[in-house]
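# Residue-level structure breakdown
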Amino acid sequence: MIADTDIAIIGAGVAGLAAAATLRAAGHPCVVIEAAARIGGRAYTTTGPETAGHWFDHGATWLHAAERNPLTTIARDNGVGIIESDKIRRWRLHVGNRPADAAETAAYHAAWETFEATIRPRASQEPDIAFANAMALMRDNPWAATIELWEAAQIAAADPARFSLRDWLVNDLEGTNLILEGGIGAFVATHLGAAAGPVELNTPATAIDWRDGIRIETPRGTIRARAAIVTVSTGVLAHLPFTPGLPATHQDALANLPMGLLTKIALPALTQDRLGLPDTMSLRRQAIAGEPSMSIFAWPYGAPFLQSFIGGPTAWALAKAGPGATEDFVRGQIRYLLGADADRALGPALITGWATDPWHRGSYAYATTGHAGARAILGTPIAEGNLIFAGEAVCTDGLAGTVGGAYLSGAAAARRLMSGRAA
Ligand SMILES: Cc1cc2nc3c(=O)[nH]c(=O)nc-3n(C[C@H](O)[C@H](O)[C@H](O)COP(=O)(O)OP(=O)(O)OC[C@H]3O[C@@H](n4cnc5c(N)ncnc54)[C@H](O)[C@@H]3O)c2cc1C
């Protein structure tokens, strides 16, 4: 049995922890329930043989847009080691299975200039269109598919054919990318966890009744609260029963914030030569429209494991194809790109499981074409201002999809409920 409270927080990811820290710092009563056996949600670090004993972030990896990311200050204030990723990360471009030559590399850089000159301005114009449709403006450019893959399927984890170009623009993560020593998940669990205070673990909300105050059903009994902050992903929210049902505005917004998928695969080096690749090197291959693709990040920050990223529709298709499909694809790509023997130099794989994790059901949300406003709509309080959805999906500060955005959203929801502002 969990005691009734003034404000209940559902989910102890970054948004829920930020909300709890904000309330508890002000001495405001709250209860935090978390479905999983750990806090942190999509900020999750492990250390194991697949990453050769080094820390590995299953979810959030970089502090993007570090200049305006609230977690940058918290990390600095707590003396967390910071790696300036942009200064040491190297890049290699492939065409087919060979490194690009000088002319191809120049054409690739020129394609990004064309993208900036044509697609970015289009994003502020009406009507909103799908990212893939915008890329049709560069139809004849041999690097258009590569840019589309990188910006939509990998960074936004989105389906380019459904991804709102406006949403891409608003949440474009310009700025510095930082790595936290030990991993973002470990940082969140330690530092945000300490500020947030106690969390009721293994306590999923199974239903929410908002007719007269808030009643949250859990396997450990019903929690009654004046108000609640719900921080679960949109993938989870779509399966959470509410009584009465959510307003049509919120249902529509939820339907237009689907979960994208980014799958990360780690493979440890079995040999000393490390496939002849330097540390901290990203290998990006020219994408062919309609063909599945991925990128490789070799030996990140000196750790002896190879990390691959698969995003968007390809990631979902492989996850749905069942165990083994993702690993087979990655090993096949590695053999193609780095030589037939390359994957024999790599040990057993760690494959992140966000697609099948019942408490997340994907990686992070994107807005569909014409619905860039869905984040703000879903974030509008209901139940006379007492029921608020928070988290990365509803961030409207230009950091949606990130830990920084989740933090801002959770803290803002807590401040709003404390100040008693109506919807
Ligand atoms: C592969 C991957 C790579 C990423 N890379 C980056 C990156 O480099 N940089 C970056 O900033 N961000 C990145 N992100 C995104 C970032 O991790 C998320 O935006 C952020 O962690 C979301 O926080 P949140 O609090 O909104 O949601 P969550 O972390 O999902 O927190 C919600 C919590 O609710 C819990 N929960 C679910 N259902 C229930 C229920 N019924 N009852 C109670 N609790 C429940 C969940 O277990 C979870 O702990 C990445 C994510 C993934 C998956």
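Criteria and cut-off values
- Residues numbered from 1 in each chain as written.
- Predicted model: local features only at pLDDT ≥ 70, side-chain atom pairs only at ≥ 80, totals over all residues.
- Heavy atoms only, no water.
- Salt bridge = Lys/Arg side-chain N within 4 Å of Asp/Glu carboxyl O.
- Helix = DSSP H or I, 4+ residues; strand = E, 2+ residues; numbered from the N terminus.
- Buried < 20%, exposed > 50% of the residue type's maximum accessible area, 1.4 Å probe, protein only.
- Arc of directions from axis to C-beta.
- Contact = heavy atoms within 4.5 Å.
- Near = heavy atom within 4 Å.
- Polar contact = N/O pair within 3.5 Å; in protein donor to acceptor, adjacent residues only side chain to side chain.
- Areas by Shrake-Rupley, 256 points an atom, 1.4 Å probe, with all protein chains shown as cover.
- Nonpolar A, V, L, I, M, F, W, Y, C, P; charged D, E, K, R; others polar.

A few words on the pattern of salt bridges. All told, the structure shown has 17 salt bridges when counted by the stated rule. A salt bridge links Arg166 to Glu126; the shortest N-O distance between them is 3.5 Å. Residue Arg166 is found in helix 7 (residues 165-170), and its partner Glu126 is found in the loop between helix 4 (102-123) and helix 5 (131-135); the two are separated by 40 residues along the sequence. Taking the shortest distance from any N to any O, the salt bridge between Arg331 and Asp343 comes out at 3.0 Å. You can see Arg331 sitting in helix 12 (residues 325-338) and its partner Asp343 sitting in the loop between helix 12 and strand 18 (350-351), a full twelve residues away along the chain. With a relative accessible area of 13%, Arg331 lands in the buried category. Each of the salt bridges in this network shares a partner with another, and the network as a whole consists of Glu116, Arg120, Asp172 and Glu174.

Bringing helix 11 (residues 312-320) into the picture now. Taken together, the buried positions of helix 11 are Gly312, Thr314, Ala315 and Leu318. All buried residues of helix 11 fall inside an arc of 155° around its axis, so they share one side. Buried residues belonging to helix 11 abut helix 6 (144-155), strand 14 (262-268), strand 17 (305-311) and helix 12. Once helix 11 finishes, Gly322 follows within two positions and takes phi at roughly 100°, a positive value.

A separate point is the environment of Pro142. Tracing the chain through its elements places Pro142 in the loop between helix 5 and helix 6. Sequence separation between Pro142 and Gly197 is 55 residues, and the spatial gap between their C-alpha atoms is 52 Å.

If you check the shell around the ligand, you find 38 residues, and the closest are Ala15, Glu34, Arg42, Trp62 and Ala205. The separation between an oxygen atom of the ligand and a polar side-chain atom of His64 is 3.3 Å. Relative to its free-state accessible area of 1,000 Å², the ligand is covered by the protein chains to the extent of 98%. Listing elements by their share of the shell around the ligand, those giving two or more residues are helix 1 (14-25), strand 14 and helix 14 (403-419). A breakdown of the residues in the shell around the ligand according to their chemical character gives 19 nonpolar, 15 polar and four charged.

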